[in-house]
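Listed here are the chains, written in short residue letters.
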Amino acid sequence: MQTEGYCPGTLDFKAIRQKTGAFADLDEEIEIIGFVNCGGCPGKKALSQAKKLIKRGADTIIFTSCIQRGTPKREACPYAQEMKEQITQELGKKVRILDFSH
């Protein structure tokens, strides 16, 4: 959430549209179901947000580059791995997780 003031998600959407970055090797059609944040430190809404996305048709959750790589602030989220593990444990094979976007 601390990166929202720096990043409106435009590079994420561009990477999806142009199939670059994490999407370069994906042959399937990509449909955006939603674009949500983690709910703030320490990722207090990440799991509930992931569940909502899955309920509404998502099959993939992308931890955007600002979360895993710290782009553009150069500060990766210290809770990124913990959020990913929590979602993976709870949702298992219901969802594919991509570790970055662009």
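These figures come from a predicted structure and were not determined experimentally. (Residues numbered from 1 in each chain as written. Predicted model: local features only at pLDDT ≥ 70, side-chain atom pairs only at ≥ 80, totals over all residues. Heavy atoms only, no water.)

Asker: If you had to explain the overall build of the protein to someone new, which residues and values would you point to?
Answerer: Helix and strand content of the protein: four helices and two strands. A globule of 102 residues ought to have a C-alpha radius of gyration of about 13 Å, and the protein, at 13 Å, matches this closely. Dimensions of the protein along its principal axes, counting C-alpha atoms only, are 35 × 30 × 20 Å. For the protein, the residues scored as buried account for 34% of the 102 residues in total. Sequence separation of 24 or more characterises 63% of the internal contacts of the protein that already satisfy a separation of 6 or more. For the protein, the accessible surface area stands at approximately 6,800 Å², while carbon and sulfur atoms represent 48% of it. Put simply, the protein has 16 plus and 13 minus side-chain charges, and the middle of one group is 5 Å from the middle of the other. (Helix = DSSP H or I, 4+ residues; strand = E, 2+ residues; numbered from the N terminus. Rg over C-alpha atoms; globule rule 2.2 N^0.38 Å. Buried < 20%, exposed > 50% of the residue type's maximum accessible area, 1.4 Å probe, protein only. Contact = heavy atoms within 4.5 Å. Areas by Shrake-Rupley, 256 points an atom, 1.4 Å probe, with all protein chains shown as cover. Lys, Arg positive; Asp, Glu negative; His and termini not counted. Charge placed at Lys NZ, Arg CZ, Asp CG, Glu CD.)

Asker: Give me the pattern of salt bridges: which residues, what numbers.
Answerer: One pass over the structure, following the stated rule, counts three salt bridges. Notably, a salt bridge pairs aspartate 99 with lysine 84, separated by 2.7 Å at the nearest N-O pair. Here aspartate 99 is found in the segment after β2 (96–98), whereas its partner lysine 84 is found in helix α4 (residues 80–91), with 15 residues between them in sequence. (Salt bridge = Lys/Arg side-chain N within 4 Å of Asp/Glu carboxyl O.)

Asker: Residue-level account of a positive patch on the surface, with values.
Answerer: A surface patch of positive charge is lined by Lys44, Lys45, Lys52, Lys55 and Arg56. With respect to the helices and strands, the residue lysine 44 is situated in the loop between α1 (10–18) and α2 (46–55). (Patch = residues over 30% accessible without salt bridge, like charges linked within 9 Å, V, L, I, M, F, W, Y side chains within 5 Å.)

Asker: Just give me the short version of unusual backbone geometry, but keep the residues and values in it.
Answerer: At the junction of cysteine 41 and proline 42, the peptide bond is cis and its omega measures out at 0° in the coordinates. You can see proline 42 is positioned in the loop between α1 and α2. Unusually for a residue other than glycine, lysine 19 sits at a positive phi of about 50°. Topologically, lysine 19 is positioned in the loop between α1 and α2. Since its relative accessible area comes to 28%, lysine 19 is described here as partly exposed.

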